Amino acid sequence: MNDTLEFNEIYQEAKGTWNDGRLRFSKQTVVYKNSKTGKLDSIPVPELTQAQWRRVCLGHGIKLCTSTGNIYKYDGFKDTDLEKISEYFKANYKVELIEKDMCVKGWNWGTAKFNGPLLSFEVNDSPAFEIPLASVSQCATGKNEVTVEFHQNDDTEVSLMEVRFYVPPTTGDEGSDPVEAFVQNILSKADVIQATGDAVCIFRELQCLTPRGRYDIRIYPTFLHLHGKTFDYKIPYTTVLRLFLLPHKDQRQMFFVISLDPPIKQGQTRYHFLILLFSKEEDISLTLNMNEDEVERRFEGKLHKNMSGSLYEMVSRVMKALVNRKITVPGNFQGHSGAQCITCSYKASSGLLYPLERGFIYVHKPPVHLRFEEISCVNFARGTTTTRSFDFEIETKQGNQYTFSSIEREEYGKLFDFVNAKKLSIKNRGFKEGMKGNDNMYSDSDDDQHDAYLERMKEEGKIREEANDSDDSEGESDESFNPGEEDDEIAEEYDSKASASESSSLYTGYLHLCCCFDNIYSLLRMFIFYAQIQCYFVCSCRPMSAYMLWLNSSRDRIKSENPGISVTEISKKAGEMWKQLGKEKKEEWDVKAEEAKKEYDRAMREYKERGGGSSVSSKKKKKGGKNEEKKKRKSGGGREKEKERATGNDSFKSREFISSEESSSESDKGKGRKRKVTH
């Protein structure tokens, strides 16, 4: 026989809802893990006293009773599971699995029996229904009547509000009231908070982000009392799921997060998280309202009667001891800035996303906690408004999707490595590999209109600019941009003197772009971008800087050392290597760059001596001549018209008749000069 038995899709009732999970029987413990909350029920085998197999609404169920008075019920078993579970219990637990029939007669008259945390209503010694007393929120009495009210669960479509019991009066001389005895039995096990006695300690005016405001927090042995100016909340420790202590990105504040199930309510608003904000610099001296012997006996050294330290440390320490749960802190993740969180936005509100060892938590509005085991897949998507950021999408197994947007590009590598190390399913895994071997940057399908080539060119230009800034000799080799000088030195693209090789390279560039993009939209965008960077191709004949000379000589070596590396990664890697290059090595390349600069100046002088670049200046002169001619014509046009009027019709000349005699040398320069033709 196997050492363990495991069952999936086993259900546990919690305040009117069925939560599925996994149940495992082992030789030491019985463990049930809730799939929704991740909460664990661990039952030591020596504490098991009774086990029942029952026919229930979800197939078959098991009811386990312990020596401590706790009762656990799990449903969702198949009829065929009875035999192997019964044999396993006999062999390992020494407990017999008893089959118990439920009463289905529909009678409303029977006997109420209190069995630990359960109120069982039985008809002819067969249970008709059972009420977990922990679900009772209030108990009211009337004449021979007891009204039991229940906690409401927001996850249920239909909720049971109350149940009324009629308790017949006794006929004996005992003098005890049966109604009052019935109520006391319920209240002794019910989840009804009664603030009796003094608080263990009080923290004054703590800043609370959810629910918003400042509250006095009074710590009682069994519950937490938040007292504010407008609202009061009483939170039983049994509703606390997890505790988180998270450092703020500014390293001056701390978040203390308390996860609650069920949540606290304020009208129609539900708060599943209680978030407190502390300053690291705020200290406190705390004295517990208990004697030293009682503190030692109750908390076993976790707390002392007199304590002092940072306020957030004292609050978290007291809560950990009373709730008896571990405090979760960020793990080894560090973002681009060195912080243990990532700045992002969720539902139009800015906040912080903390990658933890077993999940993600977002604070603060609204708070979100996602465990790795409930995550189906994650997705990296390009930003919707800018290319400087990206979105991180998380899809759960229940079909819910959470999108954390406006994350800086620099955080991408760190976050991807973290997700990959945790073995989460990445929906667009080609996204990361596209940065290494493909042109795709933030898309994994052709339907995405993101321009990968444009992003790659921008990224490469940015990295090249950063690397050139680190070059000390860059300022000496570069020339300032002067529009007049540029026109003299470089022939225009459509000039007749532009070289054939230059025109061929430009045409090849356009042809290459046309082949790379198969849709008109991407092609138009690429032409616009190409027009913006066209000056780079035209001016590429200038002498290279020391960095560019070194990059051209080292490019093959970088490729061989990093197989499959992309153009962007090569530039990034080269920039890092150039910064780490020694001063002597850089000086060698500076000398080479200076020699290339001198050679360029010599070639430029020879080019100008042969008349190169004169076409542009002649064009400017022609333009100037045209302007002067226009001014002369305007000034003299009036006088010519007066002369024509004075001479009469003989001097009138029609436009259709133009004389070749009056054509001048300006016909080569001007446009459409008139010629005279005599009658």
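Computed from a predicted model, the values in this text were never measured in an experiment. Counting restarts for each chain, with residues numbered from 1 along the sequence as it is written. Given that the model is predicted, a residue must reach a pLDDT of at least 70 before its local features are reported, and side-chain atom pairs must reach 80 or more before they are shown or counted; all residues, however, enter totals for whole chains, interfaces and linings. Only hydrogens and water are set aside when side-chain values are computed; all heavy atoms of the structure are taken into account.

A. Quick peek at the overall build of the protein chain. Within the protein chain, the regular secondary structure consists of 16 helices and 31 strands. Under the scheme applied here, a residue whose accessible area is under 20% of the maximum for its type counts as buried, over 50% as exposed, and between as partly exposed, the area being computed with a 1.4 Å probe on protein chains only. Looking at the protein chain as a whole, 40% of its 679 residues qualify as buried. When contacts within the protein chain are restricted to residue pairs at least 6 apart in sequence, those whose partners lie at least 24 apart make up 47%. In this description, accessible areas are obtained by the Shrake-Rupley approach with a 1.4 Å probe, and a residue is regarded as covered only by the protein chains that are shown. Accessible surface, the protein chain as shown: approximately 40500 Å² in total, 47% of it carbon and sulfur. Helix and strand assignments come from DSSP, with helices taken as H or I runs of at least 4 residues and strands as E runs of at least 2, each series counted from the N terminus. Throughout, a residue-residue contact means that at least one pair of heavy atoms, one from each residue, lies within 4.5 Å.

B. Representation of the pattern of salt bridges in the model. Salt bridge criterion: a side-chain nitrogen from Lys or Arg within 4 Å of a carboxyl oxygen from Asp or Glu. In total, this model carries 16 salt bridges according to the counting rule given. Between Lys113 and Glu122 there is a salt bridge whose closest N-O contact spans 3.2 Å. Among the residues examined, Lys113 registers a relative accessible area of 37% and is labelled partly exposed. One salt bridge connects Arg602 with Glu599, and the closest N-O pair in it is separated by 2.2 Å. Residue Arg602 and its partner Glu599 are both found in helix α15 (residues 583–609); the two are separated by three residues, about one turn of the helix. Judged by relative accessible area, which is 34%, Arg602 ranks as partly exposed. Where salt bridges share partners, they join Lys33, Arg371, Glu373 and Glu374 into one cluster.

C. Examining the packing of helix α13 (residues 546–561) against helix α14 (residues 567–580) more closely. Two elements in contact, α13 and α14, have axes separated by 10 Å at closest approach and are oriented at 115 degrees. Classified by chirality, the crossing of α14 by α13 is right-handed. Residue-level contacts link Ala546, Tyr547, Trp550, Leu551, Arg555, Arg557, Ile558 and Lys559 of α13 to Ile570, Ser571, Lys573, Ala574, Gly575, Met577 and Trp578 of α14. In the contact of α13 with α14, the residues fall into nine nonpolar, two polar and four charged. Note on geometry: axes are C-alpha line fits, over the in-contact stretch for helices, and angles between N-to-C directions span 0 to 180 degrees. By definition, turning the near helix anticlockwise from the far helix through less than a right angle yields a left-handed crossing, and turning it clockwise yields a right-handed one. Gly is put with the polar residues, along with every residue not named as nonpolar or charged; the nonpolar set is Ala, Val, Leu, Ile, Met, Phe, Trp, Tyr, Cys and Pro, and the charged set is Asp, Glu, Lys and Arg.

D. Broad picture of the sheet that holds strand β14 (residues 162–166). Note: two strands are recorded as paired if DSSP finds a minimum of 2 bridges between them. Taken in spatial order, the three strands of this open sheet run β12-β13-β14, and their pairing is antiparallel. Looking along the sheet, the strands with just one partner apiece sit at the ends: β12 (136–142) and β14. Neighbour-to-neighbour, the strand axes of this sheet turn through a mean angle of 20 degrees, independent of strand direction. Here five bridges tie strand β13 (residues 145–150) to β14, and the two strands are oriented antiparallel to one another. When the bridges of β14 are listed, Glu149 appears paired with Glu162. Here helix α2 (residues 178–189) sits on the sheet in contact with β12, β13 and β14, set at roughly 175 degrees to β12.

E. Up close: a negative patch on the surface. Residues Glu292, Asp293, Glu296 and Glu300 make up a contiguous surface patch of negative charge. With respect to the helices, strands and loops of the structure, Glu300 is situated in the loop between α3 (292–299) and β23 (306–310). Judged by its relative accessible area of 64%, Glu300 falls in the exposed class. Patch membership requires more than 30% relative accessible area and the absence of a salt bridge. Residues of like charge join within 9 Å; the nonpolar side chains Val, Leu, Ile, Met, Phe, Trp and Tyr join within 5 Å. A residue counts as positive if it is Lys or Arg and as negative if it is Asp or Glu; His and the chain ends are not included. Where a charge lies is defined by one atom per residue type, namely NZ (Lys), CZ (Arg), CG (Asp) and CD (Glu).

F. Focus on the nonpolar core. Here, the term nonpolar core denotes a set of buried Ala, Val, Leu, Ile, Met, Phe, Trp, Tyr and Cys residues that are joined through side-chain atoms within 4.5 Å. Formed by 41 residues in total, the largest nonpolar core has its most connected members in Phe203, Ile219, Leu224 and Met319. No other element matches helix α4 (residues 311–323), which puts nine residues into this core. Those residues in contact with Leu224 that sit more than four places away from it in its chain are Ile217, Arg218, Ile219, Tyr233, Lys234, Ile235, Tyr237, Ile258, Leu274 and Met319. Counting residues in each nonpolar core, the second largest holds 26 residues, with Ile342, Ile394, Ile407 and Leu424 among its members.

G. Structural view of the pairing of strand β28 (residues 368–371). A two-sided burial pattern is seen for β28, the buried positions comprising Val368 and Leu370 on one face and His369 and Arg371 on the other. Relative to β28, strand β27 (residues 359–363) runs antiparallel, the two being bridged by four bridges. Within β28, the position partnered with Ile361 by the bridge is His369. With antiparallel pairing between neighbouring strands as the criterion, β27 and β28 make up a hairpin whose turn holds four residues.

H. Just the pairing of strand β15 (residues 201–210), in detail. Note: β15 against strand β16 (residues 213–219), six bridges, orientation antiparallel. Bridge pairing in β16 places Cys208 opposite Gly213. Connecting β15 to the antiparallel partner β16 that follows it, the hairpin turn spans two residues. For β15 and strand β21 (residues 269–279), the ladder comprises three bridges, and the chain directions are antiparallel. Across the sheet, the residue bridging to Gln207 is Leu277, located in β21.

I. Region of the structure containing the sheet that holds strand β20 (residues 253–266). With mixed pairing, the eight strands of this open sheet are ordered in space as β18-β17-β16-β15-β21-β20-β19-β24. Whereas interior strands pair on both sides, the edge strands pair on one side only; in this sheet they are β18 (232–236) and β24 (327–328). Of the pairings in the sheet, the one linking strand β19 (residues 240–247) to β20 comprises seven bridges and is antiparallel in character. What sits directly across from Leu243, in β20, is Ile258. Packed onto the sheet, α4 meets β15, β16, β17 (223–227), β19, β20, β21 and β24 and runs at close to 100 degrees relative to β15.

J. Layout of unusual backbone geometry. Along the chain, Thr210 connects to Pro211 via a cis peptide bond; the corresponding omega equals -10 degrees. Within the fold, Pro211 resides in the loop between β15 and β16. Of note, Glu300 is a non-glycine position whose phi angle comes to about 50 degrees, a positive value. Although it is not a glycine, Asn324 adopts a positive phi angle of roughly 65 degrees.

K. Fine view of the packing of α13 against α15. Closest axis-to-axis distance for the α13/α15 pair is 8 Å, and the angle between their directions is 105 degrees. The orientation of α13 relative to α15 falls into the category roughly perpendicular. Residue-level contacts link Ala546, Leu549, Trp550 and Ser553 of α13 to Trp589, Asp590, Lys592 and Ala593 of α15. Tallied by class, the residues present in the contact of α13 with α15 amount to five nonpolar, one polar and two charged. Roughly parallel means an angle under 35 degrees; roughly antiparallel, over 145; roughly perpendicular, 65 to 115; everything else is oblique.

Taken by themselves, the reported measurements are silent on function.
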